[in-house]
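# Inside the fold
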Amino acid sequence: MKSRFLRFGLYLLVGLLAAVGPASAATVIRIGYIPVLGSSALFVLNGEGWARDAGLDLRLVRFQSGPQAIQALASGKIDAYVAGVLPLLLARAHGADVKVVAAGAIEELEVVARGQLAAGLGTSEEAGPAGDALKRRFDAFSRAAGRKPKIATQPVGSVPDTLLRYWLKQQNGMEPAQVADIVGIDIDAAQQAFLAGAVDAAVLREPALSVVRNRLPESRLLANGHDMMPDQPGSVLAIYHGDDPDRAAWKETLIGLFIRATNLLAFHPEDAVPFVRDALGGGMLDQSVILQALKSSGSHFVSDPSTIVESVRRLQAFEVASGTLHKAEPVESLFDLDSYRRAHP
């Protein structure tokens, strides 16, 4: 009798489980990113558990440059992208269906110098030398050193490389190849090359800038983010095949979380420190350095993608004139502003 009751109970339990069905699985989203402060909204929304609570299982894939991430995106290995905007123009030119749905940061890249190239510059982070004054500084360095200054940045086609060339040519009337040797290397390598004295200047962003200032206090700023380009586009959130039904199911949820995280970074940076520290420094960077970097970048955390449409247009025109892009694409088609507006709280 007892055995029959046990079997009956077991059958009843199995039946109830079948009626309820399996627990709903979280939606897996593969997101490629580059490890810079402008990507911090991604680290926050994932670290805080907001994505998990919203039923999203984020699989973060680290890259060292935007062009590397674009290769993965175009081959379908990632679903979304948090990195620089310019490689997306090249991807769209080759037929990739990818659109920017949110900004992450603006004016995050700066040019920092050391040694003779930095001589005589003050410690202020206000506007650096420009125009003739900048050209005289480069010329004086070349005469004294017997070579052009070496400037580390990321590979051709990346935002840092394009912005460096734009700053030299468009902002200051200098031909990049004539005044400097531009070295295109990975993000971490650029920081290390600068600290080691292998280059005379580098295009860096936080937290590398704070690390450099702490380890090399004699370094000086040649150009801040606004000098290089007002509203210079930084990291963005972009989605591959964003209008596909499977993407539409989570797209606006992810955008809303990204906006929420960007606001936290701008107004409560201390709450973001542990997540940014784990993502960027592997827990090795001091919390004080991360907090310093976040506080100095507070005004740079901007989520509205319409902020960067015009600056992207200017950079695309520069890339076409430079031959990096064969032709200009309609910049508006790169942005999905409607999804951002719907997701904005």
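From a predicted model like this one, the values you see are computed outputs, not experimental measurements.

## Comments concerning the packing of helix α7 (residues 159-171) against helix α16 (residues 309-322)
Working note: a packed helix pair is described by the angle between its axes plus the distance between those axes. Two elements in contact, α7 and α16, have axes whose closest approach is 11 Å; the angle formed by their N-to-C orientations is 85 degrees. As summarised for this structure, α7 and α16 are arranged roughly perpendicular, according to the angle between their axes. The segment α7 lies against α16, with Thr 162, Leu 163, Arg 165, Tyr 166, Lys 169 and Gln 170 engaging Arg 314, Leu 315, Phe 318 and Glu 319. Here the residues of the contact of α7 with α16 are counted per class, giving 4 nonpolar, 2 polar and 4 charged.

## Brief notes about the sheet that holds strand β3 (residues 80-84)
The mixed open sheet is built from 5 strands, whose spatial order is β2-β1-β3-β10-β4. Every other strand in the sheet has two partners, leaving β2 (56-62) and β4 (98-103) as the edge strands with one partner each. The average undirected angle you get between the axes of adjacent strands in this sheet is 25 degrees. Along the sheet, helix α2 (residues 40-47) contacts β1 (27-33), β2 and β3; its crossing angle with β2, the most-contacted strand, is approximately 140 degrees. Set on the sheet, helix α4 (residues 66-74) makes contact with β3, β4 and β10 (235-240); between it and β3 the angle comes to about 160 degrees.

## A short note on the packing of aromatic side chains
By the definition in use, this model includes 2 aromatic pairs. A cation over an aromatic ring shows up here: Arg 114 above the ring of Phe 194, its NZ or CZ 6.0 Å from the ring centre. Cation over ring: Arg 260 sits above Trp 50, and NZ or CZ is 3.7 Å from the ring centre.

## Quick notes on the environment of Lys 150
Looking at where Lys 150 falls in the secondary structure, it is placed in strand β6 (residues 150-153). A relative accessible area of 32% places Lys 150 in the partly exposed class. Placed 74 residues apart in sequence, Lys 150 and Asn 224 show a C-alpha to C-alpha distance of 18 Å. What Lys 150 contacts, discounting residues up to four positions off in sequence, is Asp 181, Ala 198, Val 199, Asp 200 and Ala 201.

## A word on the nonpolar core
Judged by nonpolar contacts, the single largest core of 58 residues is most densely connected at Tyr 81, Leu 88, Phe 138, Trp 167 and Leu 222. The biggest single contributor to this core is α7, with 6 residues. Once residues within four sequence positions are removed from consideration, Leu 88 is found in contact with Ile 70, Tyr 81, Val 98, Val 100, Val 236, Ala 238 and Leu 334. Ile 255, Leu 265, Phe 275 and Tyr 340 belong to the second-largest nonpolar core, a separate cluster that totals 43 residues.

Rules used throughout
- Residues numbered from 1 in each chain as written.
- Predicted model: local features only at pLDDT ≥ 70, side-chain atom pairs only at ≥ 80, totals over all residues.
- Heavy atoms only, no water.
- Axes fitted to C-alpha atoms, helices over the stretch in contact; angles between N-to-C directions.
- Helix = DSSP H or I, 4+ residues; strand = E, 2+ residues; numbered from the N terminus.
- Parallel < 35°, antiparallel > 145°, perpendicular 65-115°, else oblique.
- Contact = heavy atoms within 4.5 Å.
- Nonpolar A, V, L, I, M, F, W, Y, C, P; charged D, E, K, R; others polar.
- Pairing = 2+ DSSP bridges.
- Phe/Tyr/Trp six-rings, centres within 6.5 Å; stacked < 30°, edge-to-face > 60°.
- Lys NZ or Arg CZ within 6 Å of the ring centre and 35° of its normal.
- Buried < 20%, exposed > 50% of the residue type's maximum accessible area, 1.4 Å probe, protein only.
- Core = buried A, V, L, I, M, F, W, Y, C linked by side-chain atoms within 4.5 Å.

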